[in-house]
Every structure is written in structure tokens, then in C-alpha cells.
Amino acid sequence: MIQRNIPCVLMRAGTSRGPFFLREWLPQGDEARDQALIGAIGASDPLQLDGLGGGSTLNSKVAIVSRSSQPDCDLDYLFAQVGVGHQSVDTRPNCGNMLSGVAPFAIEQGLIAAQNGSTTVRIYNVNTGAKIDATVCTPGGKLTYEGDARIDGVAGTAAPILLNFLDAWGAVTGKLFPTGQRMDTIEGVPLTCIDAAMPLMILRASDLGLTGRERPAELDANAALLERLERLRREAGLRMGLGDVSDSVVPKPVIVSAGNHPNSVTSRYFTPKRCHASHAVTGAIGVATAFALPGTVASGIERAPGKHPLVVLHPAGQIDIEVELQGTGQDATVERAALVRTARKIMQGELHLPGYVFPRHTPVPKANLGSNFPSRELHIIVPTSAGGGNDTMARTLTRKLGPLLGQAVTVDNRAGANGSVAAEYVAAAAPDGHTLMFGYIATHGINPALQKLAYDPLADFAPVGLIGYSPTLLVVNADLPVDSVAELITLLRETPGRLSYASAGDGTVPHFAAELFKRETGVVLAGESHPGAAPAIMSTARGQTQVMFPSLFTALPYLRSGKLKALAVAGADRLASWPDLPTLAQAGVTGVELTQWYALFAPAHTPATVVQQINTALNQVLNDPEIHERMLTDGAQVQTSTPAGLRDLLVMEQKRWQDVVSLAGWRVEAAASD
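Analysis parameters
Counting from 1, residues in each chain are numbered in the order their sequence is written. The predicted nature of this model means local features are confined to residues of pLDDT at least 70 and side-chain atom pairs, given and counted, to a pLDDT of 80 or more, with totals for whole chains, interfaces and linings taken over all residues. Water and hydrogen atoms play no part in the side-chain values, which are based on all heavy atoms of the structure. Secondary structure elements are defined from DSSP: runs of H or I of at least 4 residues count as helices, runs of E of at least 2 residues count as strands, and each element is numbered from the N terminus. Atoms counted for the radius of gyration: C-alpha only. Globule rule: 2.2 Å times residue count to the power 0.38. Note on exposure labels: buried denotes an accessible area under 20% of the residue type's maximum, exposed denotes more than 50%, and partly exposed covers the range between, all computed with a 1.4 Å probe on protein chains only. Contacts: residue pairs with any heavy atoms within 4.5 Å of one another. Disulfide: a pair of cysteine sulfur atoms within 2.5 Å of each other. Buried residues of nine kinds, namely Ala, Val, Leu, Ile, Met, Phe, Trp, Tyr and Cys, make up a nonpolar core once their side-chain atoms join them within 4.5 Å. Here a Phe, Tyr or Trp ring, Trp counted by its six-membered ring, pairs with any other such ring whose centre lies within 6.5 Å, and the pair is stacked when the planes are under 30 degrees apart, edge-to-face when over 60, and tilted otherwise. Salt bridges are identified by distance alone: a Lys or Arg side-chain nitrogen within 4 Å of an Asp or Glu carboxyl oxygen. Between any two strands, pairing holds if DSSP finds at least two bridges. Lines fitted to the C-alpha atoms define the axes, with helices restricted to the stretch that makes contact. Angles between their N-to-C directions range from 0 to 180 degrees. In this scheme, a crossing is called left-handed if the near helix is turned counterclockwise away from the far one by less than a right angle; it is called right-handed if the turn is clockwise. Under the convention used throughout, the expected extent of a helix is 1.5 Å for every residue step, that is, one less than its residue count. For every residue, the predictor reports its confidence as pLDDT, a number between 0 and 100.

J.: Could you give an account of the overall build of the chain, with specific residues and numbers?
T.: A count of helices and strands for the chain gives 16 helices and 30 strands. Against the 2.2 N^0.38 benchmark of 26 Å for 674 residues, the chain shows a C-alpha radius of gyration of 28 Å, consistent with a compact globule. When each of the 674 residues of the chain is scored for burial, the buried share is 57%. Residue pairs at least 24 apart in sequence account for 70% of intrachain contacts in the chain once pairs closer than 6 positions are excluded.

J.: Provide a residue-level description of the state of the cysteines, including the pertinent values.
T.: For the coordinates displayed, the defined rule picks out zero disulfides. A disulfide-free cysteine, Cys73 has its sulfur positioned 19 Å from the sulfur of Cys95, the nearest such atom. Of all cysteine sulfurs, the one in Cys95 lies closest to Cys275, which takes part in no disulfide; the gap is 16 Å. Accessibility expressed as a relative area gives 8% for Cys275, which makes it buried.

J.: Describe the nonpolar core, with residues and values.
T.: One broad rule of soluble globular proteins: the nonpolar side chains tend to lie buried together. Core analysis: the biggest nonpolar cluster contains 108 residues, and Phe21, Phe165 and Ile321 have the highest contact counts within it. Ranked by the residues each element gives to this core, the list is headed by helix H6 (residues 281-292), at eight residues. Leave out the neighbours within four places in its chain, and Phe165 touches Leu99, Lys131, Ile132, Ala197, Val281, Thr282, Ile285, Glu335, Arg336, Ala337 and Leu339. In this structure, Val426, Leu594, Ala617 and Leu622 belong to the second largest nonpolar core, which totals 83 residues.

J.: Requested: an account of the packing of aromatic side chains, with residues and values cited.
T.: Within the structure shown, the criterion is met by seven aromatic pairs. Between Phe20 and Phe105, the ring centres sit 5.6 Å apart and the planes meet at 45°, which makes this aromatic pair tilted. Placement of Phe20 in strand E2 (residues 16-22) and of Phe105 in helix H3 (residues 102-108) is noted, with a sequence separation of 85 residues between them. The buried category is assigned to Phe20, whose relative accessible area is 0%. On the basis of relative accessible area, Phe105 is assigned to the buried category, the value being 1%. Geometrically, the ring pair formed by Trp25 and Phe105 is edge-to-face, given 6.0 Å between the ring centres and 90° between the ring planes. Here Trp25, found in the loop between E2 and helix H1 (30-41), pairs with Phe105, found in helix H3; they are 80 residues apart in sequence, far enough to count as distant.

J.: An account of the pattern of salt bridges is needed here, citing residue identities and associated values.
T.: Under the definition given, this model contains 19 salt bridges. Across the pair Glu230 and Arg233 runs a salt bridge whose closest N-O atoms are separated by 2.9 Å. Highlighted residues: Glu230 and Arg233, both in helix H5 (residues 223-239), separated by three residues, approximately one helical turn. Here Glu230 falls in the buried class, since its relative accessible area comes to 11%.

J.: Lay out the environment of Ala536 in plain terms, naming residues and giving numbers.
T.: Assignment of secondary structure puts Ala536 in helix H12 (residues 533-541). Taking the C-alpha atoms as reference points, Ala536 and Pro550, 14 residues apart in sequence, are found 8.9 Å from one another. Beyond its immediate chain neighbours, meaning those up to four positions away, Ala536 contacts Ala502, Ser503, Ala504, His530, Thr545 and Met548.

J.: So what about unusual backbone geometry? Which residues, and what values?
T.: The omega torsion across Val250 and Pro251 is 0°, close enough to zero to call that bond cis. For Pro251, the location among the structural elements is in the loop between H5 and strand E12 (252-258). Residue Thr271 is joined to Pro272 through a cis peptide bond whose omega torsion reads 5°. Position of Pro272 relative to the elements: it lies in the loop between strand E13 (264-269) and H6. If you check the backbone angles, Ala197 has positive phi at about 75° while not being a glycine.

J.: Residue-level account of the sheet that holds strand E24 (residues 500-503), with values.
T.: Hydrogen bonds between backbone atoms are what pair the strands of a sheet, whose relative direction is either parallel or antiparallel. As summarised here, the arrangement of the five strands in space is E25-E24-E26-E23-E27, forming an open sheet in which the pairing is mixed. The open sheet terminates on both sides in strands that have one partner only, identified here as strand E25 (526-529) and strand E27 (564-569). Relative to E27, strand E23 (residues 473-477) runs antiparallel, the two being bridged by five bridges. Within E27, the position partnered with Asn477 by the bridge is Leu564.

J.: Please set out the pairing of strand E28 (residues 596-603) residue by residue, giving values where relevant.
T.: Buried residues dominate E28, accounting for eight of its eight residues. Where strand E20 (residues 435-440) lies against E28, four bridges are found, and the strand directions are antiparallel. Counted as the bridge partner of Gly439 is Ala599 from E28. Where strand E22 (residues 461-470) lies against E28, eight bridges are found, and the strand directions are antiparallel. Bridged to Ala462 within E28 is Ala602.

J.: Explain the packing of H12 against helix H13 (residues 552-561) to me, using residue names and the numbers behind them.
T.: For the pair H12 and H13, the least separation of the axes is 10 Å and the interaxial angle reads 35°. Two packed elements cross with a definite hand, and for H12 against H13 that hand is right-handed. Contacts from Ala533, Ile537, Met538 and Ala541 in H12 reach Thr554, Ala555 and Tyr558 in H13.

J.: Break down the sheet that holds strand E29 (residues 637-638) for me, citing the residues and quoting the values.
T.: Judged by pairing direction, the sheet is mixed, and its six strands sit side by side in the order E19-E18-E20-E28-E22-E29 without closing on themselves. A single partner strand is all that each edge strand has here, and the edge strands are strand E19 (409-413) and E29. Sheet strands in contact with helix H7 (residues 389-405) are strand E18 (378-382), E19, E20, E22 and E28, and its direction is about 155° off that of E19. Across the face of the sheet, helix H14 (residues 608-622) comes into contact with E20, E22, E28 and E29 while running at roughly 10° to E22.

J.: Just give me the short version of the environment of Leu458, but keep the residues and values in it.
T.: As for its position among the elements, Leu458 is in the loop between strand E21 (451-452) and E22. When near neighbours in sequence (up to four residues on either side) are disregarded, Leu458 contacts Arg647, Leu650, Val651 and Gln654.

J.: Before we move on, could you go through H14 and cite the residues and values that matter?
T.: Here H14 contains 15 residues, and its C-alpha end-to-end distance of 21 Å stays within 8% of the 21 Å for a straight helix at 1.5 Å per residue. Taken residue by residue, H14 has Val610, Val611, Gln613, Ile614, Asn615, Ala617, Leu618, Asn619, Val621 and Leu622 as its buried positions.

J.: A description of the confidence of the model for the chain should follow, citing residues and the corresponding values.
T.: Mean pLDDT over the chain: 88, with 95% of residues reaching 70 or higher. The low-confidence segment residues 361-370, where pLDDT is below 50, has 16 contacts with residues more than four positions distant or belonging to other chains. Between residues 670-674, whose pLDDT stays under 50, and residues either more than four places distant or in other chains, the model counts 12 contacts.

Written out as C-alpha cells, the structure is:
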């Protein structure tokens, strides 16, 4: 079943606007993903009243972001152009305007750690295979959208975002000039077919009986011109090796004319059946490339090797582009192109997808055919914010849990009070199995030992089953001059109170582990609390704090990128994937063992038959090799159990943490309020 409530961030990026998604927020599989995007935008209606679109191709765009699959890149960016008035999704083109929002979005979602001053992120464009460096403003290690940069077509000013296109030439077709020549003739019209950030068909305005300064509305009203451009575009698509482009938005038609000075060119960019109100960034890269090189219909003056500031004039103003040339004459090539954009986050929340865009399928047989459960959509309440480790794990499970149960399973994030908000909500829910909780060591182990709560982890819940484990690590900022636990302790003793640790809030595992570490070693280490594990570990990665005890699930991306160093495992055993990493006990620090566990719970008094049915489906999902591999990749290990086995774990955890708190002499506090 398709999950119809998903996280979403709506952004203005350059002169475009659209929803941004982490890849894991969307359904798996291209078909289900595309149907979700159609529903998100409201593509079925020309006005797009039932979605986030704006009735125009400029507002019918989607960005999908994830950590990169490429070893030399930080992020993968997949752009999708969604139809206006028809249900279609095209992932063949790129969009440089939406690209400008990728790095800010990724920083806010915890995929990238912000640096002090500015942060440069290398982005791999999945659509074209091109690589782009995006530099954003991060004063004090924090992202800002505020600044003095202004781009034509957007009101006001914002922080500048520098986009440096590194290898966009021939990215789609494999050749800068896919037809093998810099100028072709189709139906008697000379034109240039070029693949530079975006496949384009460039024509001279004079060859079409135009001045090139016409307004978009005037060009859109010229039916004969639009029909002629489409005929030429289809033939150009065939010659460029793109096949039948009748249902594709590439190549894009562009009409060029002289600029206001030798370093400028005037452009009218089509999308492809309407003239753009301003200009696409990727299209501007292509136009500037054709303008800088000799032998094309757009060629300007001959230029020497080196960097050249060029201007692409469009209906709403201009785009300034710096191109770097190598070689001369017919051997000249463009090596790089850089330009400035801006972006702004408009809103962040949960997007509700309409059911009518999803095809009806025959229900998959339920895990227990003898039960009438479930009778409606299930909700898994996650006690942390969207995009975090718990949320990612829950969404991984729901994709396969829903089909087994025969109903959609939706993730509902209810963060606050270190998980107490979610726990109280589920404890008070109807005990019918349709509301479940993604609980973990904090909500059902540590919290009850540290705080007087409004819920009882044993009496108020029906355990369903374990999901898995993720070991806790001791990590430090990569620039900290220590490579072992002993060196860290020495440094802390030499500089008492000068270094600090990050926690995800009072009573969380990172907080608990750090306090136990301090108690066992006698060091002085200040604590800095953050609203969740993602911002906490980012503060350590960028050096605002120096030490943290995160789960491997949380730390793994930063360990892989070299932003953090792991010194020890806060558990009983070494990790098979990190055999050289000692445990804290092996490093001489005993009493700090915190392996994080995750489990599914129902409200107390949920019928045993319903609990067993969910447990059976959950264990079937967890035994899926794909789920095993996904969780291992993310730093967690699958562990199944019966409901009774999970209850036994809770009893042991309750006694264990009560003993730890008592031994440490910590005082049990009243429950934190949200």
C-alpha cells in the first residue's frame, strides 16, 4: 500500500518553486514515486488546484535529494518535471534553478554538516550525470537564507548560492554537439544542437522573422511559430540521438539575438511549448556555451583562453555567468561555468497525497486471513522529527508492512519531551491495533528511570516485537588531536571544562552515555543539548562541540565523510564492520554500555490476536533480505522477537536503568513538558 502522508519542504529555488523530498520519503519504485509526485503537484488539473503546483511548468517541479552514490560527491539530486493538466513525470531534463535549493535543503535535513562561513557541497545530477559544486552561506556554522544577493525575476534579496558546473558538457547525449557539427539545417533553418547542462536547439531570431526582443506573451500567441518550433524540435531530437521527443521536454528550443554589448546575448527560452517568463539556469549555461564558442548560430566575438564574464539577457532581466575557456578556434572548449542563484524555504510539513492518483491493486493477502483486522489505515507514531534515524527506519518498514497487512501504513511524527509526547498519545489511543508506536531505548528504558512520566512503559503498552539494534559509539570531531580514548581522557584532564559534548536532549542516550563517561573517568566535560540527534551530531561534525555518543545509525554518514572519528564502541562487543574499534571497556572505561534498540508497541489491551498478526507481518518484513541490507547499510542490525520476548526485554531494561540511576545518585525528575 502507498503511504499517503509524507514529509515535504516547499522551496523557492532560483526563479522556480516546488516541493523538495528526501528520497526515502517517497514510495519505492519509479511508477509509485511518479504517481506520488503527480498527486503532490496536482498535475491532473491545468490550474493544479489540488496540489502544490502553480499552473505553470515553472511551479510544477520537484527535487529529490539523497546522500550520493558517487564516491566523489556529497549528494544525489534527481529533478522531476511534472505535467500541467496531464499526469506525467519527466526525469530526463535537469533544472538549475531547483538545483540551487539542494544544498540548503540537505543541510537542514542533516545530510550535510555546515561549516563556519560557507559550505561547499558537490552534487551529482542523476538526470544528466553532471557534477556541480554549490556554495552556500553558513555563518557561524548555521545556514541562512538572508543576504544581499539579488537575481532578476525574484523580489527582494537573499543569501547568494554559487553554482559551479564542472562537467555539464555532453552530460545527456555524450557529446557537446550531439549531431557532430556546430550548425545544422532543418527545413531550411540554420540551428545549433548543443548539450551543455541541458540539451538545446538554438535558433537565430532573424532566421524566424523575429527581433528576439519579443515578450513571452507575444511569442506564446504566435501559433504558427510554436507549431514550427515543435516540428524543428522533434527532428532535432532525432538527430541528437534522443529518439521521439514528442512526449519529452528536451531538447528545449531557444531563440537568440544580439545583446546590449559584446559580452551579452539575448535569449528566449521555451519549456518547450511556452516561452519562459525569465530563463532556466541550465538553459543559460547552454546559451552561454554556444555564445562563447565559434561556429554556432549564437557565436559572439572570438575569445582567448581564460575566464570570461558573460550575460544572458532574458524577459525578466539577466543571468551573469562566468565561463572558463580552453583552446582557440574550433578546438575551443568550455571547462567550467559559474553563476549565482538564491533560494528560500517557504514551508516544511506533512504532505497529504490524494488517493485518486494511485492505481487500484488487488490487495495482498493479509498476514492472518482469519482476522478482520485491519479495517482502515494504520498509523505508526514516531517520537522524533522527520528525517532522523528513527523516522528513516520506520519509513523503511512501512513500505513493506502495508502490503502484508492489506492497508496503508502511515508514519506520523510527534516529537517532543524526549519521546513522551508520542508515548502518551499512543498509550491513550484506541486499543485496536490501528495506532502503533515506534519505541526505542529512551521512551521505554531510560526515560522511566530518569523521570516521573505520565505513562508506564509496561502497563500502558502491548509489546508487538523488536525491530533491531544500533550500537552507541564514542565519536569526536575530526580535527580534535586525539586518536584513542586514552588520548581523549588526557586532553580533557589537561583542559578541564573547555571541551563539550553534544546530546539530543536530557535523558537521551547521547546525554546518558556522556554523563556515565564523565562519572567513570572523572573528567570535566560541558554538555550542550540539542532538539534531536541530527542537529546534535552536526554540531560535533562542525566543531561547535567536540564529543558525542551517537548511535552508529546516526554517525555513519559523518564517519564515512571524515567529519568525525570513532574512538570506541559503548557496548559489550566490537563491531564486525569495524573490527579495529575497541569497546570502551577494552579502552579502560567500564560501566558505559548503551546499545540502542528499537521496537513496535500497541496500546495496552489491544487484542492478542491483533498483536500477533502485526508481529507476524513485522517479522516477515524484517526477514526480507532487502530490509536486512538497508538497515545494515544505515548502521543498524535487524533483530526479531515475539511479543513476550519484547516484554521480557522491557522488564530487564526497567530494572537495569533504575539500578544505574540509583548507583549514580541521580535524582528522578518530573516529566519534561513540550
